[in-house]
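The primary structure of each chain is shown beneath.
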Amino acid sequence: MVEQIDVVLGCSFGDEGKGKVVYDLIKKNSYDLCVRFNGSGNAGHTIYDNDIKLVVHQLPVGVLVSNVYNLISSDCLIDMSRLKMEIDEIKEKGFDIAGRLFISKACHIITQECIDYDRQNNKIGTTGSGIGPTYSQKMLRVGKRVEDYADELKLLGIEVVDMRQFWFSEFVKKNVNSVLMEGAQGFELDINWTNHYPYCTSSTCTLAGAINTGIPISKIKNIYGVSKAYDTYVGAMQFQPEEYNDELNQIADLGKEYGATTGRRRQCNFLNIDNLKEALIFNNCNICIINKMDILEDLNIFKVYSGKKIMTFATLLEMQIHIIKELSFLEKEVLFSFNPYTI
Ligand code: IMP
Ligand code: MG
């Protein structure tokens, strides 16, 4: 029986370090089930364990922890050939997903036609994974769904499930007490909440996406909003303000701001606290995690946007105090992370 649900959500443009947060939370709290609820291979969730780097795209991070069950729910998209590759890759590194991965029968399949269309009509700088065209087909109700691939998935050790039955199943009753919902992308890329349409993704990256899996919402305990000490964005829109290139390029270099999925250089800007506040409020977050504080600490660059203007601080501590004050509406806390392994 599901008794505790925690949710991890991106509160910026993706790449906030959600993978690390999810992995650390699973290790510390030993959740029974990890759920992906939006997006697909456009995501790249990177984790470091004892200096081994692991990246998953479509798979929930929970596949990298033995004994954790994993679910990919209905609003995710599946690229079958990339899924096989991803499973092979993690198998080579010693992880077995057999019997540990469930996929909703209602997930739509990314076809080669959709990938080609995405790559040939790419004005906004997508990841080229076929996301927009496949969600379009879903809405047009002409798409292919996972239910047609159940046999193939079974051979991979994956079980196709009906979400209307999954939560009531004997399996869940017996095995699933605690659940971690793993968001992909972030608030600023959400199809409805973005301030930058059409420079966004096509899925629901917010709490609404997590809830749309059918989880019992009264059991939600913590909603972690994840952000970074500075903002980054990958795509065709101009994002990095040129007048601050000196500082922002230093941040990009030290922060190794290259996409886990496409290898593209991420544009950088200082953390926008006004936007972060909105992301935390509309996602109902009670905890905010701000990653990569070590990068700003090492560079001695302490700037944020707050009240629609740039604020410069003399010390990191002053910047942290300002952030904590601005986010004091949070029911719980602001956590600053200074390393790639833990919160
Ligand atoms: P799409 O999701 O591939 O359609 O790409 C749409 C926009 O979202 C592009 O600017 C992508 O770079 C961005 N995007 C999609 N997924 C991610 C992610 O996981 N992290 C960062 N940016 C992403
Ligand atoms: Mg990423």
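Before reading on, note that the structure itself is shown above.
The present account deals with the structure reproduced in this document. (Residues numbered from 1 in each chain as written. Chains lettered and ligands numbered in written order. Predicted model: local features only at pLDDT ≥ 70, side-chain atom pairs only at ≥ 80, totals over all residues. Heavy atoms only, no water.)

**Observations regarding the coordination of the magnesium ion (ligand 2)**
Okay, so step 1: Here the magnesium ion (ligand 2) is held by D15 (OD) and G44 (O), and the distances to it run 2.2 to 2.7 Å. With D15 in the loop between β1 (4-10) and α1 (18-29) and G44 in the loop between β2 (33-36) and β3 (45-49), this pair connects stretches of sequence that are 29 residues apart. (Donors = N, O, S within 2.8 Å, 3.2 Å for Na, K, Ca; no water. Helix = DSSP H or I, 4+ residues; strand = E, 2+ residues; numbered from the N terminus.)

**Quick notes on a nonpolar patch on the surface**
Okay, so step 1: On the surface, W193, I281, F282 and F329 cluster together into a nonpolar patch covering about 390 Å² of accessible area.
Okay, so step 2: Looking at the element boundaries, I281 is found in helix α10 (residues 273-282).
Okay, so step 3: What makes I281 partly exposed here is its relative accessible area of 45%. (Patch = residues over 30% accessible without salt bridge, like charges linked within 9 Å, V, L, I, M, F, W, Y side chains within 5 Å. Areas by Shrake-Rupley, 256 points an atom, 1.4 Å probe, with all protein chains shown as cover. Salt bridge = Lys/Arg side-chain N within 4 Å of Asp/Glu carboxyl O. Buried < 20%, exposed > 50% of the residue type's maximum accessible area, 1.4 Å probe, protein only.)

**Looking at α10**
Okay, so step 1: Along α10, the residues that are buried comprise I273, L276, A279 and L280. Projected down its long axis, α10 shows its buried positions confined to an angular sector of 115°, all on one face.
Okay, so step 2: On its buried face, α10 sits against β11 (220-228), β13 (267-272), β14 (287-291), β15 (303-306) and α12 (316-326).
Okay, so step 3: Taking the backbone nitrogen of D274 as reference, a side-chain oxygen 3.0 Å away marks N272 as the first, capping residue of α10.
Okay, so step 4: At the C-terminal side of α10, N284 shows a positive phi close to 60°. (Arc of directions from axis to C-beta. Contact = heavy atoms within 4.5 Å. Polar contact = N/O pair within 3.5 Å; in protein donor to acceptor, adjacent residues only side chain to side chain.)

**Things to note about the site of ligand 1**
Okay, so step 1: Near ligand 1 you find 17 residues, and of these D15, N42, T127, T201 and V234 are the closest.
Okay, so step 2: When isolated, ligand 1 has an accessible area of 470 Å², and the protein chains bury 97% of it.
Okay, so step 3: Class assignment of the residues belonging to the shell around ligand 1 gives a composition of 7 nonpolar, 8 polar and 2 charged. (Near = heavy atom within 4 Å. Nonpolar A, V, L, I, M, F, W, Y, C, P; charged D, E, K, R; others polar.)

**Section: helix α9 (residues 245-254)**
Okay, so step 1: Among all positions in α9, only L248, I251 and A252 are buried. Projected down its long axis, α9 carries its buried residues within an arc of 100°, all on one side.
Okay, so step 2: Buried-residue contacts for α9 involve β12 (230-233), β13 and α11 (293-299).
Okay, so step 3: With its phi angle positive at about 45°, K256 sits one or two positions after the end of α9.

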